[in-house]
Amino acid sequence: MDRLYVEPHRLREVWDFVRPGLLEVREHSYDAWIPEDVYTDCFNCKAMLWLLVTDKPVGFGVVQPMGDTLHVWIGWGAWTMGEGFRHAKEIAKAGGAKKVSFESRRPGWEKLAKKHGFRPAKWIAEV
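Everything in this summary refers to the structure shown in the same document. (Residues numbered from 1 in each chain as written. Predicted model: local features only at pLDDT ≥ 70, side-chain atom pairs only at ≥ 80, totals over all residues. Heavy atoms only, no water.)

## Side note on the overall build of the protein chain
When its secondary structure is counted, the protein chain shows four helices and five strands. In sequence order, the protein chain lays out its α and β elements as β-α-α-β-β-β-α-β-α. Counting only residues that meet the buried cut, the protein chain has 36% of its 127 residues in that class. Within the protein chain, counting contacts between residues at least 6 apart in sequence, those at least 24 apart form 52% of the total. (Helix = DSSP H or I, 4+ residues; strand = E, 2+ residues; numbered from the N terminus. Buried < 20%, exposed > 50% of the residue type's maximum accessible area, 1.4 Å probe, protein only. Contact = heavy atoms within 4.5 Å.)

## Remarks on the nonpolar core
Counting residues in each nonpolar core, the largest one holds 18 residues, and the members touching the most others are Val18, Leu22, Val38, Leu49, Phe60, Val62 and Ile74. Counting residues per element, the ones that place at least two in this core are helix H1 (11-27), helix H2 (35-43), strand S2 (48-53), strand S3 (57-66) and strand S4 (69-77). The dominant element in this core, judged by the number of residues it contributes, is H1, at five residues. With residues up to four places along the chain from it excluded, the contact list for Val18 reads Leu49, Leu51 and Phe60. Among the nonpolar cores identified, the runner-up in size contains 12 residues, and Trp50, Val63, Trp79 and Ala92 belong to it. (Core = buried A, V, L, I, M, F, W, Y, C linked by side-chain atoms within 4.5 Å.)

## Let's talk about the side chain of His71
For His71, the location among the structural elements is in strand S4. What makes His71 buried here is its relative accessible area of 9%. Within the local environment of His71, its side chain forms a polar contact with the side chain of Ser101, the two groups lying 2.7 Å apart. Here His71 is in contact with Val62, Val63, Gln64, Met66, Ser101, Phe102 and Glu103, once residues within four sequence places are set aside. (Polar contact = N/O pair within 3.5 Å; in protein donor to acceptor, adjacent residues only side chain to side chain.)

Right under this line is the structure:
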């Protein structure tokens, strides 16, 4: 499986593939983003869209550089099957980041995250 960075001027070429996946992730997310936020951040180089491809796209990840950390904002398809963690770590190393982070309130991610070397770093209580 190959990883392909989508340059901002090429977002429109892949958007018909990406947008439905974003909507699917959004259904299970507690965050307030919409697909247009993702497009805007990728277009303005505040986030990066990476496709996972075989003979066609099979998943994607949206990551955000944050100082010495590469934050995985969104993953869909093959990206969520552990493949994304490996790719995120490789992208982080190539960009000089020392850490990779992600957030999820979905309980199933805790076990998978530990399997890939992640550990909890922040606890939040809603008031």
